[in-house]
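# Chains, contacts and geometry: an overview
Letter by letter, the chains look like this.
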Amino acid sequence: MSVDLATVKRVARLARIAVSEDEANRMVGELNGILGFVEQLSEVNVDGVEAMTSVTPMAMKKRTDEVTDGSKAADIVANAPVTDHNFFLVPKVVE
């Protein structure tokens, strides 16, 4: 995959970044270099390599997956002007 000048200008326009002609030409080379490096990484054999969560081996803290209401429903609706059984009540709007 390679990037051309039109692609750089389009991406800059979408990102709303002002890029001069000289900067765009320089970015073509830089982005193609980055994409070339990424393509090199895809050639590395990673079969049998475990994914890492940290640079040092450590056990991840895990909690049980329990579904709860958070025990905060009353706190959440405490400042609402009108509520009913821990639900917000809002006026009906029909246009």
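Because the structure is predicted, anything quoted here is derived from the model rather than measured.

The next thing to look at is the overall build of the chain. Scanning the chain from N- to C-terminus turns up 3 helices and 2 strands. Counting helices and strands in the order they occur from the N terminus, the chain gives α-α-α-β-β. On C-alpha atoms alone, the chain measures out to a radius of gyration of 27 Å, which is more than a quarter above the 12 Å that the 2.2 N^0.38 rule sets for 95 residues. If one aligns the C-alpha atoms of the chain with their principal axes, the spans along those axes are about 60 × 50 × 20 Å. Sequence-distant contacts in the chain: of pairs separated by 6 or more residues, those separated by 24 or more amount to 28%. On the chain, roughly 9,200 Å² of surface is accessible, and the fraction owed to carbon and sulfur atoms is 57%. Across the chain, 10 positive and 15 negative side-chain charges occur, with their mean positions spaced 6 Å apart.

A residue-level look at the chain finds 100% of positions with pLDDT of 70 or above and a mean pLDDT of 90. At the low end of the mean pLDDT range in the chain sits helix α3 (residues 73-76), at 88; at the high end sits helix α1 (residues 5-14), at 95.

Taken together, the side chains of L31, I34, F37, V38, L41, V44, V46 and V49 define a hydrophobic patch exposed on the protein surface, amounting to about 740 Å² of accessible area. If you trace the backbone, V44 turns up in the loop between α2 (21-41) and α3.

About the thresholds
- Residues numbered from 1 in each chain as written.
- Predicted model: local features only at pLDDT ≥ 70, side-chain atom pairs only at ≥ 80, totals over all residues.
- Heavy atoms only, no water.
- Helix = DSSP H or I, 4+ residues; strand = E, 2+ residues; numbered from the N terminus.
- Rg over C-alpha atoms; globule rule 2.2 N^0.38 Å.
- Contact = heavy atoms within 4.5 Å.
- Areas by Shrake-Rupley, 256 points an atom, 1.4 Å probe, with all protein chains shown as cover.
- Lys, Arg positive; Asp, Glu negative; His and termini not counted.
- Charge placed at Lys NZ, Arg CZ, Asp CG, Glu CD.
- pLDDT = per-residue confidence, 0-100.
- Patch = residues over 30% accessible without salt bridge, like charges linked within 9 Å, V, L, I, M, F, W, Y side chains within 5 Å.
- Salt bridge = Lys/Arg side-chain N within 4 Å of Asp/Glu carboxyl O.

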